[in-house]
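Geometric and topological summary
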Amino acid sequence: MGSLLDIRELHVRFSATEAVRGVSLQVEEGEGLGLVGESGSGKSTVALAVLGLLGPAARVEGEILWHGAANLADLPASELRHIRGREIAMIFQEQMPALNPVMSIGRQVAECGAAHDRSLTRREAKRKAIAALEAVAIPDAARRYGDYPHQFSGGQRQRIHIAMALINRPRLLVADEPTTALDVTVQAPILALL
């Protein structure tokens, strides 16, 4: 059996600018892997390339093999949507763009669960969302289910975003500085959860 994720000679270009040059790495089932580098070195670009989220301006070359077979770099967007969220999820560094300001946080988390499990009833999706919010230490998660993103602190919004990424128990979690907005007292339990 091959690696869970196998990136081979990844190159990402935006016009004449080469943002990523020849990155190769493997992630095995149950393994943690960290990319370390200075700001602007391409860490986030690699993460976004894995999920096919770079947009039409990016030219991606190389292989991003999922389970040793599917090259994510070549999959059409419709097929990638079936993998994103269910099998591979991402925690973005900036959580506000990922949260809809006019939708309650509970509904947003529940929607993430229901989008990849059509058998969930509305009640089951809500129960699953509350459990995910509790797992990331949102106080009074059931009571706060109907609250909106602006009613939470930056650290709480980051934890809500983490709950959205974890609700489907993905096989691979791509995290782009997931704890930068978190208070130091919350960082260790969140990292243990991840």
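In the block above lies the structure referred to throughout.
In this report, we go over the structure that sits alongside the text. Everything numeric in this text was worked out from a predicted model, so none of it was measured.

What about the packing of helix 3 (residues 105-115) against helix 4 (residues 122-135)?
At a closest axis distance of 8 Å, the pairing of helix 3 and helix 4 adopts a crossing angle of 110 degrees. Between helix 3 and helix 4, the crossing angle belongs to the class labelled roughly perpendicular. For the element pair helix 3 and helix 4, the recorded crossing hand is right-handed. Facing Ile105, Gly106, Val109, Ala110 and Ala114 of helix 3, the residues of helix 4 in contact are Ala125, Lys126, Ala129, Ala132 and Leu133.

Some details on the side chain of Asp6
Tracing the backbone shows Asp6 in strand 1 (residues 5-14). Residue Asp6 is classed as buried on the basis of its relative accessible area, which comes to 8%. Looking at Asp6, its side chain comes within polar contact range of the side chain of Arg8, at 2.9 Å. In this structure, Asp6 is in contact with Leu25, Gln26, Glu63, Ile64 and Leu65, ignoring residues within four places of it in sequence.

Quick notes on the environment of Gly22
Along the chain, Gly22 falls in strand 2 (residues 17-27). A relative accessible area of 26% means that Gly22 is categorised as partly exposed. With near-sequence residues (within four places) excluded, Gly22 lies in contact with Glu9, Leu10 and His11.

A look at the nonpolar core
Counting residues in hydrophobic clusters, the biggest one holds 26 residues, and the most contacted among them are Val109, Leu133 and Ile160. With residues near it in sequence (within four places) discarded, Ile160 still touches Leu99, Ile105, Val109, Leu133, Ile138 and Phe152. Membership of the second largest hydrophobic core comes to 25 residues, among which are Leu4, Val50, Leu72 and Leu80.

Overview of the packing of aromatic side chains
Throughout the structure, instances matching the rule amount to zero aromatic pairs. When the ring centre of Phe152 is taken as reference, the NZ or CZ atom of Arg144 above it lies at 3.9 Å.

Digging into helix 1 (residues 43-50)
For helix 1, the full list of buried residues reads Thr45, Val46, Ala47, Ala49 and Val50. On its buried face, helix 1 sits against strand 1, strand 2, strand 3 (58-66), strand 5 (88-91) and strand 6 (172-175). Of the residues trailing helix 1, Gly52 is marked for its positive phi of about 65 degrees.

Some words on the pairing of strand 1
Sheet topology places strand 1 next to strand 2; seven bridges connect them, and they run antiparallel. Bridge pairing in strand 2 links Ile7 to Leu25. Counting the residues in the hairpin turn of strand 1 and strand 2 gives two residues, including Ser15, whose phi is positive at 55 degrees. Note that strand 1 and strand 3 share eight bridges and pair antiparallel. By the bridge assignment, Ile7 is partnered in strand 3 with Ile64.

Topic: the pattern of salt bridges
For the structure on display, the rule yields nine salt bridges. Between Arg171 and Glu29 there is a salt bridge, and its shortest N-O distance comes to 2.4 Å. You can see Arg171 sitting in the loop between helix 6 (154-166) and strand 6 and its partner Glu29 sitting in the loop between strand 2 and helix 1, a full 142 residues away along the chain. A residue is classified by how much of its surface remains accessible, and Glu29, at 46% relative accessible area, is partly exposed. Of the charged contacts in the structure, one is a salt bridge between Glu61 and Arg59, with a shortest N-O distance of 3.0 Å. A relative accessible area of 32% means that Glu61 is categorised as partly exposed. Within the structure, one salt-bridge network assembled from shared partners comprises Arg13, Glu18, Arg21, Arg59 and Glu61.

A look at the sheet that holds strand 3
With antiparallel pairing, the four strands of this open sheet are ordered in space as 2-1-3-4. The two strands at the open ends of the sheet, each matched to only one other strand, are strand 2 and strand 4 (70-71). Looking at chain direction, strand 3 and strand 4 are connected through two bridges and run antiparallel. Residue pairing in the sheet places Trp66 in a bridge with Ala70 of strand 4. Strands strand 1, strand 2 and strand 3 of the sheet are contacted by helix 1, whose axis makes an angle of about 115 degrees with strand 1.

Reading the values: rules and limits
Residues numbered from 1 in each chain as written. Predicted model: local features only at pLDDT ≥ 70, side-chain atom pairs only at ≥ 80, totals over all residues. Heavy atoms only, no water. Axes fitted to C-alpha atoms, helices over the stretch in contact; angles between N-to-C directions. Helix = DSSP H or I, 4+ residues; strand = E, 2+ residues; numbered from the N terminus. Parallel < 35°, antiparallel > 145°, perpendicular 65-115°, else oblique. Left-handed = near helix turned anticlockwise from the far one by under 90°. Contact = heavy atoms within 4.5 Å. Buried < 20%, exposed > 50% of the residue type's maximum accessible area, 1.4 Å probe, protein only. Polar contact = N/O pair within 3.5 Å; in protein donor to acceptor, adjacent residues only side chain to side chain. Core = buried A, V, L, I, M, F, W, Y, C linked by side-chain atoms within 4.5 Å. Phe/Tyr/Trp six-rings, centres within 6.5 Å; stacked < 30°, edge-to-face > 60°. Lys NZ or Arg CZ within 6 Å of the ring centre and 35° of its normal. Pairing = 2+ DSSP bridges. Salt bridge = Lys/Arg side-chain N within 4 Å of Asp/Glu carboxyl O.

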